[in-house]
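Understanding the architecture of this molecule
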Number of protein chains: 2
Amino acid sequence: MGLSNISAIRKKEIVEAFYNTAIKEGLESTSIAKIAKSLDIQPSLIIHYFKSKEELVTALIDHCLELYLRIFEKAYTHRRNSSDVLYALVQRMFSKDWNDLFDDGVYYSAYALVYREPQVKEKFNKIHKTLRAKFSSLLKECDAFGHINCKEPDQTSNLIFSLLDGTYYFINMLDTDTEQKEHLKQSEELAFKILGLHKNPEN
Amino acid sequence: MGLSNISAIRKKEIVEAFYNTAIKEGLESTSIAKIAKSLDIQPSLIIHYFKSKEELVTALIDHCLELYLRIFEKAYTHRRNSSDVLYALVQRMFSKDWNDLFDDGVYYSAYALVYREPQVKEKFNKIHKTLRAKFSSLLKECDAFGHINCKEPDQTSNLIFSLLDGTYYFINMLDTDTEQKEHLKQSEELAFKILGLHKNPEN
DNA sequence: CAACTTATTGAACGGTTATTCAATAAATTT
DNA sequence: AAATTTATTGAATAACCGTTCAATAAGTTG
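Residues numbered from 1 in each chain as written. Chains lettered and ligands numbered in written order. Predicted model: local features only at pLDDT ≥ 70, side-chain atom pairs only at ≥ 80, totals over all residues. Heavy atoms only, no water.

1. Section: the protein's contact with DNA strand C
Just so we agree on the cut-off: In this text, near means that some heavy atom of the residue lies within 4 Å of the molecule or strand in question. Polar contact criterion, stated in full: a pair of N or O atoms within 3.5 Å, where within protein one must be able to donate a hydrogen and the other to accept it, and residues adjacent in sequence count only if both atoms are side-chain atoms. The numbering of helices and of strands both runs from the N terminus, where a helix is a DSSP run of H or I of at least 4 residues and a strand a run of E of at least 2. Just so you know the grouping, Ala, Val, Leu, Ile, Met, Phe, Trp, Tyr, Cys and Pro go in nonpolar, Asp, Glu, Lys and Arg go in charged, and all remaining residues, Gly too, go in polar.
Looking at DNA strand C, there are 18 residues lining it, with S31(A), K53(A), Q42(B), S44(B) and Y49(B) nearest. The sugar and phosphate moieties of DNA strand C supply 71% of its atoms located within 4 Å of the protein. S44(B) is positioned such that a nitrogen or oxygen atom in its side chain is 2.8 Å from a base oxygen of DNA strand C. Elements that contribute at least two residues to the surface near DNA strand C include exactly helix 2 (32–39) and helix 3 (43–49) of chain A together with helix 1 (3–25) and helix 3 (43–49) of chain B. The element contributing the most residues to the surface near DNA strand C is helix 3 of chain B, with 4 residues. Grouping the amino acids of the surface near DNA strand C by side-chain chemistry returns 8 nonpolar, 7 polar and 3 charged.

As structure tokens, then:
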């Protein structure tokens, strides 16, 4: 394998240190020096692996979005049939611990870059379209099996995701767990209603 | 009035310069020196009005949120009856030019602070609850007049707003106007459906 | 006009930023 | 074992950061 392996490991190490520091101190105020200190290495070593800060930030965004993607993909659980998958998925997406799987602070700082950096915009675009397309496929399958009635799966997918994103956007401003859960419950109900699914767990 | 007037004007001037520079260069990379330069004054003068950068950022967030609030309040137009107000409002909220009234780049950078700074969280919380409460009142009024059937106006208000916020979150990743408008149209349709309003303009 | 308060300037401060570079240590290849 | 490539260090750079302070200009009040 050679050193290219060590190189890859170090790179990942650095990006993860960046991510963890950014969670605590904020994305924009995390400097190369701070990342280096947290790894007990010299700042110049970071520059050796990432030619510039910009490149490092790009790597962080990729890391963030991959985490984001994986969380969704893990939620597509194995079940007897597609409607059970859909049911469990929606239930999970609108659950409180779903929110805790991910640090939204860093994520939204990255998202803000969408408005200034076309490449970041492209990355976010791609990930979100991927997620929505996958969900749409599931809806299509459920419809084909007659489990739900959904003739416009792309549109429905988009609506569910918009509802989801908007709900998390809001509940993170709320103080209490109770309040957050209440809002999630209302949104989940609407989601089930849109899909024409009854909320009586059968798993 | 005295100089307190000039002081207030200068302060506003500085915050607006901050905002405009942040739109172009990003919130976090807008320094006091840059703001000063854009106003053709000395950095120390800014410190004279705002004791620290932190105080300045707080003022910017207040400015941002006030703009945000005002955009909504302007959309509550005078109409013959409350259902016309509601109809026009929803139509406006989900329109393309609604999105252009506001710079979301700076806004989302500020929003990201919600996750680290309790005071910022509190500010966002307050504004959003205010908006949702006002919309809820309108729903209640419409229901009272029998224009719509809405027995849980608070919940309905929250759902419409979540749908709205989530929709804008997503469409700002999209490249074309056509795409954006299509998504807005779908979300608007769902909003009208939730409210039990028919989409046949009568204004 | 004199006394006083505020507005504004401009220089200076120590600290941090990203980045460069030469030197050395370690690992890999020949 | 020698040669070469890569990893890592540590010092140095210039630019910028927020902030302080004394000096001066301008405006307000007595």
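After that view, the rundown keeps rolling.
2. Some points on the relation of the copies chain B and chain A
Let me state the cut-off plainly: Fitting of the copies onto one another was done by least squares over C-alpha atoms, counting residues only where both copies have pLDDT of at least 70. Contact criterion: two residues are considered in contact whenever any of their non-hydrogen atoms come within 4.5 Å of each other.
Superposition of chain B onto chain A requires a rotation of 180° combined with a translation of 0.0 Å along the rotation axis, giving an RMSD of 0.0 Å. Here the copies are linked by what is in effect a two-fold axis. Among all residues of chain B, the one whose C-alpha sits closest to the rotation axis is G166(B), at a distance of 1.9 Å. When the interface residues of chain B are mapped onto chain A, 100% of them are again interface residues, pointing to one common binding face.

3. A few points about the UniProt feature "DNA-binding region" (unreviewed entry) in chain A
The test is simple: UniProt positions are given in the numbering used here, feature names are shortened, and annotations may be inferred rather than shown by experiment.
Using the residue numbers shown here, the UniProt feature "DNA-binding region" (unreviewed entry) corresponds to residues 31–50 of chain A. What you have in residues 31–50 of chain A is 75% helix and 0% strand, and the ends, taken at the C-alpha atoms, are 13 Å apart.

4. Overview of the protein's contact with DNA strand D
The immediate surroundings of DNA strand D are formed by 18 residues, with S44(A), Y49(A), S31(B), I32(B) and K53(B) found nearest. Here the atoms of DNA strand D within 4 Å of the protein split so that 68% fall in sugar or phosphate, with bases taking the remainder. Within the side chain of Y49(A), an N or O atom sits 2.8 Å from a phosphate oxygen of DNA strand D. A distance of 2.7 Å separates a phosphate oxygen of DNA strand D from a polar atom in the backbone of K53(B). Secondary-structure elements contributing two or more residues to the surface near DNA strand D are helix 1 (3–25) and helix 3 of chain A together with helix 2 (32–39) and helix 3 of chain B. Tallying contributions element by element places helix 3 of chain A first for the surface near DNA strand D, with 4 residues. Of the residues assigned to the surface near DNA strand D, the class counts are 8 nonpolar, 7 polar and 3 charged.

5. Some words on the interface of chain B and chain A
Spelled out, the test is: Buried surface area refers to the total accessible area, computed with a probe of radius 1.4 Å, that the two partners give up upon joining, counted for both partners together. Salt bridge, as used here: a side-chain nitrogen of Lys or Arg that lies within 4 Å of a carboxyl oxygen of Asp or Glu.
Across the boundary between the two partners, chain B contributes 44 residues, which contact 44 residues of chain A. For the pairing of chain B and chain A, the buried interface totals around 3800 Å² over both sides, and the portion due to carbon and sulfur atoms is 62%. When the area that chain B buries against chain A is broken down by residue, the three leading residues are Y115(B), Y169(B) and M173(B), summing to 18%. Seen at the junction of chain B and chain A, the total is 2 salt bridges. The salt bridge partner of E179(A) is K129(B), with a shortest N-O separation of 2.7 Å.

6. Quick look at the nonpolar core
How we decide: Definition used in this section: a nonpolar core is a set of buried Ala, Val, Leu, Ile, Met, Phe, Trp, Tyr and Cys residues joined via side-chain atoms within 4.5 Å. Here's how the labels work: a residue is buried when its accessible area is under 20% of the maximum for its type, exposed when over 50%, partly exposed in between, all with a 1.4 Å probe on protein chains only.
L86(A), F124(A), L86(B) and F124(B) are the most contacted members of the largest nonpolar core, which totals 142 residues. With residues up to four places along the chain from it excluded, the contact list for F124(A) reads I61(A), L65(A), Y107(A), A110(A), Y111(A), V114(A) and M173(B).

7. As for the packing of aromatic side chains
The condition that has to hold: Stacked, tilted and edge-to-face are the three classes assigned to paired rings of Phe, Tyr and Trp, where Trp is represented by its six-membered ring and a pair needs centres within 6.5 Å; plane angles under 30 degrees give stacked, over 60 edge-to-face, the rest tilted. Comment: the charge-over-ring label is applied if NZ (Lys) or CZ (Arg) is within 6 Å of the ring centre and within 35 degrees of the ring normal.
Scanning the model with the defined rule gives 35 aromatic pairs over all chains in all. When the centroid spacing of 5.5 Å and the interplanar angle of 55° are considered together, the rings of Y107(A) and F124(A) count as tilted. Placement of the pair is Y107(A) in helix 7 (residues 104–112) and F124(A) in helix 8 (residues 118–144), with a sequence separation of 17 residues. The residues Y107(A) and F124(A) share a single accessibility class, namely buried. With centroids separated by 4.9 Å and ring planes inclined at 80°, the aromatic side chains of F72(B) and W98(B) adopt a geometry described as edge-to-face. Here F72(B) is found in helix 4 (residues 53–75), whereas its partner W98(B) is found in helix 6 (residues 96–99), with 26 residues between them in sequence. Neither F72(B) nor W98(B) differs from the other in exposure class; each is buried. Here R132(B) stacks its cationic end above the ring of F170(A), 3.5 Å away from the centre of that ring. The side chain of K134(B) reaches across the aromatic face of Y76(B), ending 4.4 Å from its centre.

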